[in-house]
Amino acid sequence: MKILTCPINGPRNITEFVWGGEVKAMPDAASSDDQWTEYLFLDQNIAGEIYEWWLHAPTNTWFIARRNTVTDHIIETMTVDAYFVRTSEQRGGSAA
Amino acid sequence: MPFALLKYALAKEHPDDPHFRWSPELKSSYDVIVIGAGGHGLAIAYYLATQHGIKNVCVLDKGWLAGGNTARNTTIIRANYLTPEGVEFYKESVGLWRGLSNDLDINMMYSERGHFTLAHTDAALRTARWRAEVNKHLGVNSEVIGPDEIKRLCPTINIDDDVRYPILGALYHPPGAIARHDAVAWGYAKEAIKRGVEVHTQTGVNKIIIENGRAVGVETNRGVIRAGKIVQAVAGASSEVARMAGFLLPIRTIPLQACVSEPVKPILDQIIVSGSLHVYISQSARGEMVMGGATDAYGLYSSRSTLDFKESLMAHMLELFPFMGELKVLRQWAGMADMTPDFSPVMGLTPVQNYYIDAGWGTWGFKATPVCGVRMAECIATDRQPDLLKPFALDRFRTFDLVGEKGAASVGH
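This text gives an overview of the structure that appears in the document. Treat the numbers as computed from the prediction; the structure is a model and nothing was measured.

This part is about the overall build of chain A. Within chain A, the secondary structure is distributed over two helices and six strands. Taken from N to C terminus, the helices and strands of chain A fall in the order β-β-β-α-β-β-β-α. Contacts spanning at least 24 positions in sequence make up 43% of the contacts within chain A whose residues lie at least 6 apart.

Before going further, it helps to examine the sheet that holds strand 6 (residues 74-78) of chain A. Residues and elements named next belong to chain A. If you walk across this open sheet you meet the four strands as 3-4-5-6, and the pairing is antiparallel. Edge positions in the sheet fall to strand 3 (17-22) and strand 6, since each has one partner strand and no second. Going across the sheet, the axis of each strand differs from the next one's by a mean of 30 degrees, ignoring polarity. Summarising the sheet, strand 5 (residues 61-68) and strand 6 pair through four bridges and their orientation is antiparallel. Looking at the pairing, Ala65 lines up with Thr77 of strand 6.

Here the focus is unusual backbone geometry. With phi around 50 degrees, Asn45 of chain A is a residue other than glycine that occupies positive phi space. Mapped onto the elements, Asn45 of chain A comes out in the loop between helix 1 (33-41) and strand 4 (49-56). Judged by the 26 C-beta atoms lying within 10 Å of it, Asn45 of chain A is buried. In this model, Ala66 of chain B sits at a positive phi of 55 degrees, which is unusual for a non-glycine residue. Its place among the elements puts Ala66 of chain B in the loop between strand 2 (57-60) and strand 3 (76-77). Since 26 C-beta atoms lie within 10 Å of it, Ala66 of chain B is described here as buried.

Among the nonpolar cores identified, the biggest contains 132 residues, and Ile33, Ala45, Val57 and Met291 of chain B are the most heavily contacted of them. Not counting residues up to four positions away in its chain, the partners in contact with Ile33 of chain B are Cys58, Leu60, Val218, Ile225, Ala227 and Ile230 of chain B.

Residue and element names in this part refer to chain B. Contact pair helix 2 (residues 39-51) / helix 6 (residues 181-194): the axes reach a minimum separation of 9 Å and the direction vectors enclose 30 degrees. Between helix 2 and helix 6 the crossing geometry is left-handed. Contact residues: Gly39, Leu42, Ala43, Ala45, Tyr46 and Ala49 in helix 2; Val184, Ala185, Tyr188, Ala189, Glu191 and Ala192 in helix 6. Its residues placed into classes, the contact of helix 2 with helix 6 shows 10 nonpolar, one polar and one charged.

Looking now at the sheet that holds strand 8 (residues 177-178) of chain B. All names here are of chain B. Strand order across the open sheet formed by three strands is 3-8-4, with antiparallel pairing between neighbours. Looking at the sheet topology across the chains shown, the edges are occupied by strand 3 and strand 4 (111-112). Two strands pair when backbone bridges link them, and strand 3 and strand 8 are joined in this way by two bridges, in the antiparallel orientation. The residue of strand 8 that forms the bridge with Ile76 is Ile178.

The rules behind these values
- Residues numbered from 1 in each chain as written.
- Chains lettered and ligands numbered in written order.
- Predicted model: local features only at pLDDT ≥ 70, side-chain atom pairs only at ≥ 80, totals over all residues.
- Helix = DSSP H or I, 4+ residues; strand = E, 2+ residues; numbered from the N terminus.
- Contact = placed C-beta atoms within 7 Å.
- Pairing = 2+ DSSP bridges.
- Axes fitted to C-alpha atoms, helices over the stretch in contact; angles between N-to-C directions.
- Buried ≥ 20, exposed ≤ 12 C-beta atoms within 10 Å, placed from the backbone.
- Core = buried A, V, L, I, M, F, W, Y, C linked by C-beta atoms within 7 Å.
- Left-handed = near helix turned anticlockwise from the far one by under 90°.
- Nonpolar A, V, L, I, M, F, W, Y, C, P; charged D, E, K, R; others polar.

So this is what it looks like as structure tokens:
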């Protein structure tokens, strides 16, 4: 049994969760049709560390996990808010 | 045991296998480089040489001959798909399979067993009728049969209604077959090599060289090779290789697990599949029960096997075949499957000139090996998307012309 830790509900059997795929940056509303289509269908599908969406199905809780897609090691999980705080800090950091 | 074999085993020197004459040195350039020496890559090379006279071809593989999904699938061959595009494509493939042992002069052990897609719900039965009508219309032999007829054709199956998912009927496809997967790769490899194609294993591609929007060569762990044209046929690693060529794919890499039981005397002649229960089973020529399930619940670049998979597989399998309770699992493994959003492959031209793709083979790649080889070779030789491959072009996602293939293996209905 593999355990995934939901940031709200704690460690649970991974069969309670639904995989939501890699986190992608949503295009701007004014983006072209092609950009929206790429957002919809194309995946980075990286062999390595990725951020991805997970749903704890019994409580309908969406959150973000950082996982290595080669070793299947779950490095950390975080709430969606925590993820976006982190990524906006990283963006701010790189701009500064 | 033949004495020749014993003598060979005890001999100090072992002459080269006459089937495979390996080329020790890489040339500096080839007309076509095929990345991936699985069934698909080798078939492309073979048909380039035999049907288009392009023999200056090199097949590269990071690992060994046919060590990926060619060796990891459950070898089911059929044409009873749901979409007309899919049925036309796989129908041509079944036609090629039937003559393949002769064409490649190797015993493919191609064995037509009859393929049953069980239905346990009204919805599944409705899909079965739909598939049967599409199949018949396109000249593929399929029909919907009831539980009594299933029992008559397959006496070992349990059609009682005291199980969780009783059998209501099945889509019966008599031409459904199995074959010996290694022989497919070996056959294509030896016949291609005989015609001048080079196969280089242990030769990984680290970079694809693009100049002015054209693919012109690859960087390998053994040096740079130039090429007129390049095709990738690397199931499981499709996204990583396409990234080297500079574009993304609508693919997620997800493991598909399988296992075999210990070998027993012939007891199951048919190929039994249930989309609703996510199981399929057939008995191989050497007596092992070959079993597979649905793809894993999340993406992973790994060929590990899990207990969760075997538990869910066996729970359903024991309801269909109670005698399986006596058997032990002998081997277990997984293949890395390219899953596309519409359960159809991605074949043909790419945004990069002189670069072609053969990917997105999810759970349906082995049965397509010959037809994919023929049509991809045509695509590469003519630089045009062949009519049969037009519905499967990479560009279909941009134009929303998806080919929703609910007839694919391990897709619930």
